[in-house]
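Spelled out, the chains give:
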Amino acid sequence: APRRNPWPSIQKKVRPMVQSWMDMPTSPAWIHEKVLSHYLKMPRGDYFGQIHGLSALLLGIEKGYLGSRKKNFEKTGYTIPNFSVEKNGHRISYQKFGAKEIFVGGRKANKNRVQQCPRWFRIGDPLCDIQTQKELVDELLGENDKLPDDVKDRRQNYYKRFLQGDKNDGGFLRKWYDILAANADDVVHWWQQLGLNRPCLKADLQRLSRLQGKRLNAGQPPLLVFKKEHPILFECLHAVFG
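Residues numbered from 1 in each chain as written. Predicted model: local features only at pLDDT ≥ 70, side-chain atom pairs only at ≥ 80, totals over all residues. Heavy atoms only, no water.

Draft legend 1. Expanded view of the sheet that holds strand E1 (residues 31-32). Pairing is antiparallel across the open sheet formed by three strands, whose spatial order is E1-E7-E4. Edge positions in the open sheet fall to E1 and strand E4 (92-96), since each of these has one partner strand only. Two elements, E4 and strand E7 (residues 119-123), share five bridges in a ladder whose sense is antiparallel. Bridging from a neighbouring strand, Ser 93 pairs with Arg 122 of E7. In the packing of helix H4 (residues 50-63) onto the sheet, contacts are made with E4 and E7, and the angle to E7 comes to roughly 45°. (Pairing = 2+ DSSP bridges. Helix = DSSP H or I, 4+ residues; strand = E, 2+ residues; numbered from the N terminus. Contact = heavy atoms within 4.5 Å. Axes fitted to C-alpha atoms, helices over the stretch in contact; angles between N-to-C directions.)

Draft legend 2. Focus on the pairing of E7. Of all five residues in E7, five are buried; the element is thus mostly enclosed. A two-sided burial pattern is seen for E7, the buried positions comprising Arg 119, Phe 121 and Ile 123 on one face and Trp 120 and Arg 122 on the other. Across two bridges, the pairing between E1 and E7 is antiparallel. Paired with Ile 31 across the strands is Phe 121, a residue of E7. (Buried < 20%, exposed > 50% of the residue type's maximum accessible area, 1.4 Å probe, protein only.)

Draft legend 3. Broad picture of empty space enclosed by the protein. Inspection of the entire model under this criterion finds one cavity of 30 Å³ or more. For the lining of the largest cavity, the elements supplying multiple residues, two or more each, are helix H5 (130-141) and helix H9 (202-209). Among the residues making up the lining of the largest cavity, the classes are represented as five nonpolar, two polar and two charged. (1 Å grid on protein atoms, 1.4 Å probe; cavity = no way out; pocket = protein on both sides within 12 Å on 5 of 7 lines; lining within 4 Å. Points joined across faces, edges and corners; volume = space filled by probe spheres on them. Nonpolar A, V, L, I, M, F, W, Y, C, P; charged D, E, K, R; others polar.)

Draft legend 4. Inspection of the environment of Gln 156 at higher detail. Relative to the assigned elements, Gln 156 resides in helix H6 (residues 149-163). Taking relative accessible area as the criterion, Gln 156 reaches 30% and is therefore assigned partly exposed. In the structure, Gln 156 is positioned 13 residues away from Glu 143 in sequence and 7.9 Å away in space, judged by C-alpha atoms. The contacts of Gln 156, once residues within four sequence positions are left out, are Leu 141 and Gly 142.

The following block contains the structure:
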C-alpha cells in the first residue's frame with residue numbers, strides 16, 4: 001500500500017520548521033492553516049499533503065520528537081503539552097472554524113483529499129475573533145452581498161491590482177497598506193486602545209468604509225454629522241479623546 005506517513009519527508013526539516021514557527025511574531029490576525037503551511041515550507045509528498053505534515057508537526061511539538069523512539073526519530077527542540085489540542089491556551093493554538101474545505105493530498109493520490117473544517121491559528125492575541133475577521137476581509141474585498149454592485153466591482157478590482165503589484169491601483173490599497181505596514185505596532189496598539197474590535201462597532205465601520213469623496217454637510221459642523229451617521233464609533237472616539 002502507498003505510504004502516507006509524512007514523517008520521512010519532513011524528518012530533516014523538522015527543527016528548522018519548528019523553530020521558524022516558534023519565532024513567528026505576534027499576529028493581529030488569525031492565520032489559515034494553508035497559509036501557515038506555505039510559510040513553514042511544508043513539503044507535499046506523493047501520498048500525503050501539507051495538511052498531514054502540519055498535523056504530524058503539531059503532535060511532534062507536543063511529544064518533543066517525531067518518529068519512533070525504537071527506531072529513527074528527530075527531536076523538535078520543543079516539548080509543549082497539549083500542543084495539538086484545539087484551544088490549548090498556549091501562545092500558539094488553533095480553532096476549527098467555517099465550512100468544510102478540500103485539502104489536497106499527495107501528488108499521486110487524488111483520492112487522498114481531505115475535506116474538513118479548516119484550522120485557524122493564532123500567534124499571540126488576535127485583534128478579534130475569526131468570524132469578525134472574515135467579515136472585515138469580505139467587506140474589504142467586495143465579497144459582501146449587501147454592497148452595491150459598483151462598490152463590489154471597485155473593491156475587487158483594487159484587490160486584484162494590489163496582488164499583481166500594480167502601482168496604478170487607484171492609490172487605494174497600496175498607499176494604505178504601506179502606511180499601516182510601516183507602523184504595524186502603532187496600528188495594533190490604537191486598534192486595541194480604541195476598542196475597534198468590538199462587535200458593536202462593525203456596522204459603523206462598514207458604513208464609514210463605503211463613503212466616497214467629500215459630502216455636503218448642509219452647513220452643519222462635520223463632527224455633528226459624523227456623530228449622527230456613526231453614533232457608536234463617535235462615542236468610542238469621544239471616550240478616548242473627549
